[in-house]
Amino acid sequence: MLSRIEKNLKEVKERIARAADRAGRGSDEIKLVAVTKDVPVERIKEAIELGVKIIGENRAQEARAKYEEIGSLVEWHMVGHLQRNKVKRVLNIFDLIHSVDSLPLAKEIDRRALEMGKRADILIEVNTSGEESKFGIRPDEALDFMEEISEFASISLLGLMTMAPFVGNPEDARPYFKRLRELKEELTTRNSQLATKMKYLSMGMTQDFEVAIEEGANMVRIGTAIFGR
Ligand SMILES: *Cc1c(COP(=O)(O)O)cnc(C)c1O
């Protein structure tokens, strides 16, 4: 008998593979970030034993407690909004920050990373839907923002992230994913050297990851479909 997490994980991976196939890509090109907010350590460990390689958390404090028990046998990704006063702690744990959404935050990450003698890997969060409840750079400001951040000495800008609005039908999320892909394409036209370094499009969650993959996602952030509610 498969455990629930094992069964869910298998299904998620199959759905990723089918979506990648429809998009003419290989499933090995798509990184699965297992989002573990509110999931107890025991179940995270089970997922790791089942092959999960990347953990996504959205709160610095919760992540820290879990990190102390799990350690760095997996990659840790910060997917939630990050406050400036948490940057130092976050850089101690996380391998990639998906949610850089302002210039002051980027400056603080750059400053702290320099202090720690490392480079911080980040993605820029873009608010493709324009919803006020969402964080992120406005799409029309994103290209300038990317170029500005790329100049920072202690930051490596590796891509873009977005969250689609909650919609009943995943098809309705497609325009927001498409917008993120188009931003990457616009950057390629404007600054191909920078665009080459921006290898990740982090988009797609439980409700909409297949549509996101069809639109070019190569990093999906999935919680509920793996761990349940
Ligand atoms: C919670 C969360 C996810 C995962 O959401 P599910 O619907 O549970 O798959 C992905 N990204 C972010 C930023 C999140 O906060």
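**Q** If you had to explain the site of the ligand to someone new, which residues and values would you point to?
**A** Near the ligand the following residues occur: Val35, Lys37, Val79, Met163, Met205, Thr206, Arg221, Ile222, Gly223 and Thr224. Lys37 places a polar side-chain atom, nitrogen or oxygen, 2.7 Å from an oxygen atom of the ligand. A distance of 2.8 Å is found between an oxygen atom of the ligand and a backbone nitrogen or oxygen belonging to Gly223. Here the ligand has 390 Å² of accessible area as a free molecule, and 88% of this is covered by the chains. Its residues placed into classes, the shell around the ligand shows five nonpolar, three polar and two charged.

**Q** With reference to specific residues and values, describe the environment of Val74.
**A** With respect to the element layout, Val74 can be found in the loop between α3 (60–70) and β3 (75–78). The exposure class assigned to Val74 is buried, which follows from its relative accessible area of 6%. The spacing of Val74 and Asp95 is 21 residues in sequence and 9.6 Å in space, taken between C-alpha atoms. If we ignore the near neighbours within four places in the chain, the residues touching Val74 are Ile48, Val52, Lys53, Ile55 and Asp95.

**Q** Just give me the short version of helix α7 (residues 174–190), but keep the residues and values in it.
**A** The terminal C-alpha atoms of α7 lie 24 Å apart, and with 17 residues this matches the ideal 24 Å at 1.5 Å per residue to within 8%. All of the buried residues in α7 are Arg174, Phe177, Leu180, Leu183 and Leu187. Packed against the buried residues of α7 are α6 (139–149), β6 (155–161), α8 (192–197), β7 (200–202) and α9 (209–214).

About the criteria used
- Here the residue index of a chain counts from 1 through its sequence in written order.
- At least 70 in pLDDT is required for a residue's local features to be given in this predicted model, at least 80 for side-chain atom pairs to be given and counted, and no such filter applies to totals for whole chains, interfaces and linings, which use all residues.
- Side-chain measures were taken over the full set of non-hydrogen atoms in the model, leaving aside hydrogen atoms and water.
- Any residue with at least one heavy atom within 4 Å of a molecule or strand is counted as near it.
- A 3.5 Å cut-off defines polar contacts: any pair of N or O atoms within that distance qualifies, except that in protein one atom must be a possible hydrogen donor and the other a possible acceptor, and neighbouring residues in sequence count only when both atoms are side-chain atoms.
- For accessible areas, the Shrake-Rupley method is used with a probe of radius 1.4 Å. Any residue's cover is judged against the shown protein chains and nothing else.
- Basically, the charged four are Asp, Glu, Lys and Arg, the nonpolar ten are Ala, Val, Leu, Ile, Met, Phe, Trp, Tyr, Cys and Pro, and anything else, Gly included, counts as polar.
- Here a helix means four or more residues in a row that DSSP labels H or I, a strand means two or more in a row labelled E, and each is numbered from the N terminus.
- We call a residue buried when its accessible area falls under 20% of the maximum for its residue type, exposed when it is over 50%, and partly exposed in between, using a 1.4 Å probe and counting protein chains only.
- Only heavy atoms enter the contact rule, under which two residues are in contact if any of them lie within 4.5 Å.
- To estimate how far a helix should reach, multiply one less than its number of residues by 1.5 Å.

All we've got here are geometric facts, nothing functional implied.
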